Amino acid sequence: MKNNSNSLNQKSQIVINVFIVVTLFSCITGCFDTTITSVNHLREAQVAFNESATLENEYQMSTLDPLTTKEMGNEVGNTIAIQNGYASALLSINKIYPSESVQLKNDKILGNVLFIKAMAQWRIGDFESALGTADLALQEAQDLLYPRDTAVLAALPGLIKIDLAFKEIKKMEEGAGGDLNIFSEIDRRLSYKEGGAVNDIRKARAKVNKGHEVNIYLIQAQLSAYRNYQVAYQLSHNTHNPPETDKNKKEAQYNLKDLEDILNVFAKTGIKNLVNYWKSLCLIVPDIRP
Amino acid sequence: MITDSATLMLFAIRSAVKLGQQARIAYVDSTRRREIVLPLSNFFNSSGFMDALGYFRDPKFGKPYVEGGHIDGQEYEGSKILQNLLATPPEKLKKEDKEELEMLHVKYVNIDRAREGLLSWEKGDEPIISSEEFEAFFSISQWRSGADPTPSALHRMAGTFLEIGIDYAINTPDLFDKNSKKGKAIYSFLSALDDIDFPETALSELPARLFVATMETVTENIELLSGDPKAQEFIKITTREISTNVAQRINDINNDSGLDAIAKREARLKVQDWGELLYRSTLSSGGRLILSDPAKFLSVKDAGNQALVSSVGNSILDLILEDGGSLEDVFSREGIEVVISAVLRTIGEHPEILTRTNNEGVKKLISGLAKELSQTDNLLNRDIFPEIVRLVLEKSGENLELFWPDLQNDPKKNLMITAAKTTLAILSRKPKDNESWKPQFTKSDLLVVTESVLDELVQNPGWLITEAGELNGTLQAVLTSTIDVLRKHGTKRLSTSVGVEIILEALTTVALRQEFTNKLPNGQMIVSAAIEVILSRIFSKHLDAKASWQLLKVEVVEGIMQLAMERLALTNLDQDTINKLQECIDEQIASIAKGNLFSLDSLADSLDNKFPLT
């Protein structure tokens, strides 16, 4: 077998290799030229978004030690780099949406596109556009929104409320402290009750399986809401922390326990440190939900 | 088995089209499921003095440190400083009081952490967790594990493999029967690919190319069809390691911002071409060898714990792709197979070549050899280079400590390389205008001489290596003087093969007695003087026609040379020896001129008379 077909096999082997490469190259470039570009732009947007989000999270809490972390507002240079990344993600998205909507739908990535767009708009501070894009995603791409994106877009109103509250509380810090009306408004925005950020995110969590990894993110978002509430409370209650009977505090403690549990499910390293970070920062301890 | 080129082509086209469509879909799928880093909203992420107050006021946190009490079974005394600070209304605390409070907060939180085992005194200022661990908390995938409804890239390609396989199986039915020997081999290939997490890049046609390569190669190499589990493991390991290497390279190319789209495509194709070539070569050349001793070749691990066979394949692939592309032109399919076999054999005997050099030994040796040979015209080509690599490796393995003395620190420093380079440079030297013999040594001529030199080095290292462990000048002197004599006295009637035999004879002769390298009063080495006596007589323009007829035959020249050298080895090896040899040859020529028949026996008798044995 080997002797008879050796020379033919060698020759045909070269022919096959060249042909597969050339033909496949032609097929792929022929197919890709017009339609893969849109996918590539989405990938570019994802990369730019991820880079900025990574930076942002690192500056916020990468030391996992609230006693040594500086607040982001002081790091102006880093803020510019982060904003540029989000802007770049939006630029990439704008190249394909709405112009390539049909192709994006056919490829079933319209939901991904609108997700990145909404998130990038949120992070550059264009809250109205972000909420508009989230609504559009539900209208135009409802069947094309997948679990993670669905949950996070549902949480977006709550995430924005946390940002708005942060801005208001910063003003309190700057001398408007002690005004209980302001505190009341912040409480309403951040609360576990209907209309509050913690509640918005709780509803978003209900849209995905309890074992979905996105819960790690969403629970921390809820804890960040509590943190802002806590600072507002301190400023308006003569430095005192929310008492044990405070329902927002209780909810935060249940959420901290949820975080501990889900981190154990995913067996990520550094679980204790992450849980301890929120514990130290918010002065709460994990508690089992009744 | 498909044997018709046209049918093969059509099959390839159909396969390529199917793969192209599937590759695109797989690319889109991977984009959809890609992990996204989710940023948190803005929040107060650092603790200030209000938090310090809160900490020391809370009985679950720092209050026991203020008033005294128990925490986790440990008793703490109260702190007067803290008591004073906390007793002061916050609005009346001075700046330095707030700072002190914050410092005490840090101190007692660290005590808490130490008690909970969250502080490592050994780590010092290192971050609590690595950046990768931190990023993992926020890098979120689209679906939870096991719930992804879209087929993975491999599953999608597997569907196409199935279609291609069906086409192929029409002609080779037992190829896909898992119980058949061929089927087991293909199964090993597919199960290896299943383990690979192909990066999220523009999916290449690599898996399909390797699939076709596997189908073709296993049918050409019977040992891979033995059904032996070790054969299957070999296919699996080779597939996995080379595919992973190539896939990672493709990923790096795609992420290289210095390349434009066209350059990236070309780079990807190059990597895949070489990857496929290495894959085929490893399966072909490695199969028989590895199955002869699977325990050795499949279980020996390199520094990075790859199996030996895959480490070798990847080393050569890395070498070809990394060395600025300088070695691309010197490796053909056959050449790579030669090198892989040699490398596997040598490293199988001496795994320390990999382990002590952190896998760099083979790469550095080959690139070092290439560099040396590149200094001589026409030596760095695909005809000769792989064979030289083979020779150097195999002979080095005969005495690793001697020939590769500084393996760990300087792997490219190898005495066999020096000897090979010396030999080839001398043989390849361009003839001068006044030299009569201008041979064109073939590849096999060069290899025969080089191998002989390296063998002598193995058998008799003493006469070639100094006390310091380096090559002395003897080898160079012997070869140079021998070639010089050949070039001076040889004519067109002296074929290169005879010339090669004479060179080999010179080497063997010197190995008999080191005194052959001694010099005569005129400065000439005795061995080359002896050769010169014989050649100058036999190839003389004035040689009698009858003598010329009888003596200028390949077997006669070789016989005379061998006989004379063996006989001379028993003498005093001085000028008198050379003179007597000359007399002997002249007498033989005179005898032939008178009409007598020449024979090696008569020459032997004549030599015995001139050099009587004592």
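Residues numbered from 1 in each chain as written. Chains lettered and ligands numbered in written order. Predicted model: local features only at pLDDT ≥ 70, side-chain atom pairs only at ≥ 80, totals over all residues. Heavy atoms only, no water.

Observations concerning the packing of helix α14 (residues 333–349) of chain B against helix α17 (residues 385–396) of chain B
All names here are of chain B. In the contact formed by α14 and α17, the axes pass within 8 Å of each other and the chain directions differ by 5°. By the angle between their axes, α14 is roughly parallel relative to α17. Where α14 approaches α17, its residues G335, V338, V339, A342, V343, R345 and T346 are matched on the opposing element by P386, E387, V389, R390, L393 and E394. Residues of the contact of α14 with α17, tallied by class, amount to seven nonpolar, two polar and four charged. (Axes fitted to C-alpha atoms, helices over the stretch in contact; angles between N-to-C directions. Helix = DSSP H or I, 4+ residues; strand = E, 2+ residues; numbered from the N terminus. Parallel < 35°, antiparallel > 145°, perpendicular 65-115°, else oblique. Contact = heavy atoms within 4.5 Å. Nonpolar A, V, L, I, M, F, W, Y, C, P; charged D, E, K, R; others polar.)

Topic: the environment of L190 of chain A
By secondary structure assignment, the location of L190 of chain A is in helix α7 (residues 180–190). Since its relative accessible area comes to 2%, L190 of chain A is described here as buried. (Buried < 20%, exposed > 50% of the residue type's maximum accessible area, 1.4 Å probe, protein only.)

Regarding helix α25 (residues 554–568) of chain B
Owing to its 3.6 residues per turn, the α-helix brings residues three or four apart onto one side. All names here are of chain B. With 15 residues, α25 should cover 21 Å at 1.5 Å per step; its first-to-last C-alpha distance of 21 Å lies within 8% of that length. Along α25, the residues classified as buried are V556, V557, G559, I560, M561, A564, M565, R567 and L568. Taken together, the buried residues of α25 touch α22 (496–512), α23 (526–538), α24 (545–551), α26 (575–593) and α27 (600–610). (Expected span 1.5 Å × (residues − 1).)

Things to note about the pattern of salt bridges
Counted according to the given criterion, the structure contains 38 salt bridges over all chains. Ionic pairing is found between E168 of chain A and K171 of chain A, a salt bridge with its closest N-O pair at 3.4 Å. With E168 of chain A and K171 of chain A both in helix α6 (residues 147–176), this residue pair falls three residues apart, about one helical turn. The class of E168 of chain A is partly exposed, set by a relative accessible area of 29%. A salt bridge links R115 of chain B to D112 of chain B; the shortest N-O distance between them is 3.0 Å. In this pair, R115 of chain B and D112 of chain B both sit in helix α5 (residues 95–115), three residues apart, roughly one turn of the helix. Taken together, the shared-partner salt bridges in this structure form one network comprising R205, E251, D258 and R289 of chain A. (Salt bridge = Lys/Arg side-chain N within 4 Å of Asp/Glu carboxyl O.)

Here's the deal with the environment of K430 of chain B
With respect to the element layout, K430 of chain B can be found in the loop between α19 (415–428) and α20 (443–459). On the accessibility criterion, K430 of chain B (61% relative accessible area) is exposed.

Let's talk about the confidence of the model for chain B
All names here are of chain B. Looking at chain B as a whole, its pLDDT mean stands at 78, while 77% of the residues score no less than 70. The secondary-structure element of chain B with the lowest mean pLDDT is helix α7 (residues 153–171), recorded at 59, while strand β1 (residues 36–37) shows the highest, at 94. Below a pLDDT of 50 lies the segment residues 199–203, which in the model reaches 18 contacts outside its immediate sequence neighbourhood of four places, other chains included. (pLDDT = per-residue confidence, 0-100.)

Quick word on the packing of aromatic side chains
Under the definition given, this model contains 14 aromatic pairs over all chains. With a centroid separation of 6.3 Å and 50° between ring planes, the pair formed by Y55 of chain B and F61 of chain B is classed as tilted. Residue classification places Y55 of chain B among the buried residues on the basis of a relative accessible area of 1%. What makes F61 of chain B buried here is its relative accessible area of 7%. On the numbers, 4.9 Å between centres and 80° between planes, the contact of Y65 of chain B with Y76 of chain B is edge-to-face. Taken together, the residues span a long stretch of sequence, with Y65 of chain B in helix α3 (residues 63–67) and Y76 of chain B in strand β3 (residues 74–76) at a distance of 11 residues. Comparing Y65 of chain B with Y76 of chain B, the two get one shared label, buried. Joined through ring pairs, the aromatic side chains of Y55, F56, F61, Y65, Y76 and Y108 of chain B make up one cluster. Its end group placed over the ring of W122 of chain A, R123 of chain A keeps NZ or CZ at 4.4 Å from the ring centre. (Phe/Tyr/Trp six-rings, centres within 6.5 Å; stacked < 30°, edge-to-face > 60°. Lys NZ or Arg CZ within 6 Å of the ring centre and 35° of its normal.)

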